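# Examination of the molecular architecture
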Amino acid sequence: MELEEEFQEAKKWVEKSFDLNANGEASLFEVNIRYIGGLLAAYYLTGEEVFKSKALELGEKLLPAFNTPTGIPRGVINLGSGMSWSWGWASAGSSILAEFGTLHLEFLHLSELSGNPVFAEKVMNIRKVLNRVEKPQGLYPNFLSPVTGNWVQHHVSIGGLGDSFYEYLIKSWLMSDKKDSEAKKMYDDALEAIEKHLVKKSAGGLTYIAEWRGGILDHKMGHLACFSGGMIALGAEHAGEERKQHYVDLAAEITNTCHESYARSDTKLGPEAFRFDAGTEAMATRLSERYYILRPEVVESYMYMWRLTHDPKYRQWGWEVVKALEKHCRVEAGFSGIRDVYTTTPTHDNMQQSFFLAETLKYLYLLFCEDDVLSLDDWVFNTEAHPLPVNHTNFKASVQ
Ligand code: DMJ
């Protein structure tokens, strides 16, 4: 974006002030997708060695979290001491599907850049465990024990706790220049099960993806689940001639539903979760679900749908978001989340989440760019929207 001065300032910070030994609780997943992903993308976009060496150093610091009986990492790590443990809120010491399932892209790049296979081995082992365990109706529950390698409870969600695991399957295949056929098969099978058991249509004709609690459906879609329109669009092109149109339509319908969740609010921004029950469609029913924290998933899907179809409605919808952000979220020092999307005078939560810059604004920018800016033929976006190059020249790191 030609922000040269800001870039130099940030680079200096990474060189001089970035503390890789901080003591305290760090999320393995967030360190990977935000820091390692950001450093890798900065390296690939600029070629500056400092980003590569910091990414590798940080990657090494995450390795102790994988020292479990199954090799499924625990969710929390102290970068200073190397100690790791499971989230206190995760049932029975379990690890979370969306966390240990969202390491693959970055870890393959770490092995490629360092020549050290250990990173690739760690994520290939995760895949092995997931392929071995039985999946209820072909679905992947969100909680797995790092000790036994079995599911801890049967909650399935394409939104929070599950989301980016599915995203990384199709993106692993794309990043391998379509060679990692195991990832593609896992993606195809998972999507088939999701469609069979979780995709529903409301009385008003809106397609949505419900959550599954041990066989019982919860007719709710989280804002987080709205990334799935974009993911299905990304995979559609590679689904084979007969299935392609089907998936383009499904992606468009889900993206439309997520747009409805925005259009039905007073601010034209969407709530944290919306429901399809008791006569409600695409609106939050609980007070605790009415907030918007500058999340990207809906504009992310607009961007993928735009690149796939070039239907101008996606740019119009994106522009509605830009206007709503300006009107309701802009504050003196930046942008803030809001506590209630259903009032025209919302209060601010005084927080600008880092994914607002990394993802929300980046996807909006890309929505209005030419398609060759970070072309989807050459780049995959990690789940925090940090671009990583497609391997057109064969990684050394094995994906076998
Ligand atoms: C981001 O940190 C990532 O996209 C992650 O996968 C889940 N969602 C948040 C933003 O909402």
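Our subject in this report is the structure included herewith. (Residues numbered from 1 in each chain as written. Predicted model: local features only at pLDDT ≥ 70, side-chain atom pairs only at ≥ 80, totals over all residues. Heavy atoms only, no water.)

Another point: the sheet that holds strand β2 (residues 76-77). Spatial strand order, β1-β2-β3: 3 strands in an open sheet with antiparallel pairing. Strand pairing shows two members of the sheet lacking a second neighbour, β1 (26-27) and β3 (84-85), which therefore form its edges. Of the pairings in the sheet, the one linking β1 to β2 comprises 2 bridges and is antiparallel in character. In the strand pairing of β2, A26 is matched with I77. (Pairing = 2+ DSSP bridges. Helix = DSSP H or I, 4+ residues; strand = E, 2+ residues; numbered from the N terminus.)

With that settled, the discussion passes to a negative patch on the surface. A cluster of acidic residues, E4, E5, E6 and E9, forms a negative patch at the surface. Position of E9 among the secondary structure elements: in helix α1 (residues 4-16). Residue classification places E9 among the exposed residues on the basis of a relative accessible area of 60%. (Patch = residues over 30% accessible without salt bridge, like charges linked within 9 Å, V, L, I, M, F, W, Y side chains within 5 Å. Areas by Shrake-Rupley, 256 points an atom, 1.4 Å probe, with all protein chains shown as cover. Salt bridge = Lys/Arg side-chain N within 4 Å of Asp/Glu carboxyl O. Lys, Arg positive; Asp, Glu negative; His and termini not counted. Charge placed at Lys NZ, Arg CZ, Asp CG, Glu CD. Buried < 20%, exposed > 50% of the residue type's maximum accessible area, 1.4 Å probe, protein only.)

Attention shifts here to the state of the cysteines. Within this structure, the stated rule accounts for 1 disulfide. Linked covalently through their sulfurs, C226 and C258 form a disulfide whose S-S length is 2.1 Å. Disulfide C226-C258: the torsion about the S-S bond is -90°, which places it as left-handed. Of this pair, C226 sits in the loop between β12 (220-222) and α9 (227-236) while C258 sits in helix α10 (residues 241-263); the two residues are 32 residues apart in sequence, bridging distant segments of the chain. Per residue, the accessibility class of C226 equals that of C258, and both read buried. Between C329, a free cysteine, and C226, which holds the nearest cysteine sulfur, the sulfur-to-sulfur gap is 16 Å. Given a relative accessible area of 0%, C329 falls into the buried group. (Disulfide = S-S within 2.5 Å.)

Strand order in the open sheet formed by 3 strands is β7-β10-β11, with antiparallel pairing between adjacent strands. Where the open sheet ends on each side, the last strands, each with one partner, are β7 (155-156) and β11 (216-218). In this structure, strand β10 (residues 211-213) lies alongside β11, joined through 3 bridges in antiparallel fashion. If you follow R213 over to β11, its bridge partner there is I216.

This part covers the pattern of salt bridges. In the structure shown here, the tally under the stated rule is 21 salt bridges. One salt bridge connects R213 with E211, and the closest N-O pair in it is separated by 3.4 Å. Using a relative accessible area of 40% as the deciding quantity, one classes R213 as partly exposed. Several salt bridges share partner residues, and in doing so they unite E211, R213, D218, R275 and E289 into one network.

Tracing the chain through its elements places K179 in the loop between α7 (163-175) and α8 (181-197). Judged by relative accessible area, K179 falls into the partly exposed class, the value being 46%. Note: C-alpha distance between K179 and N391 (212 residues apart in sequence) is 9.7 Å.

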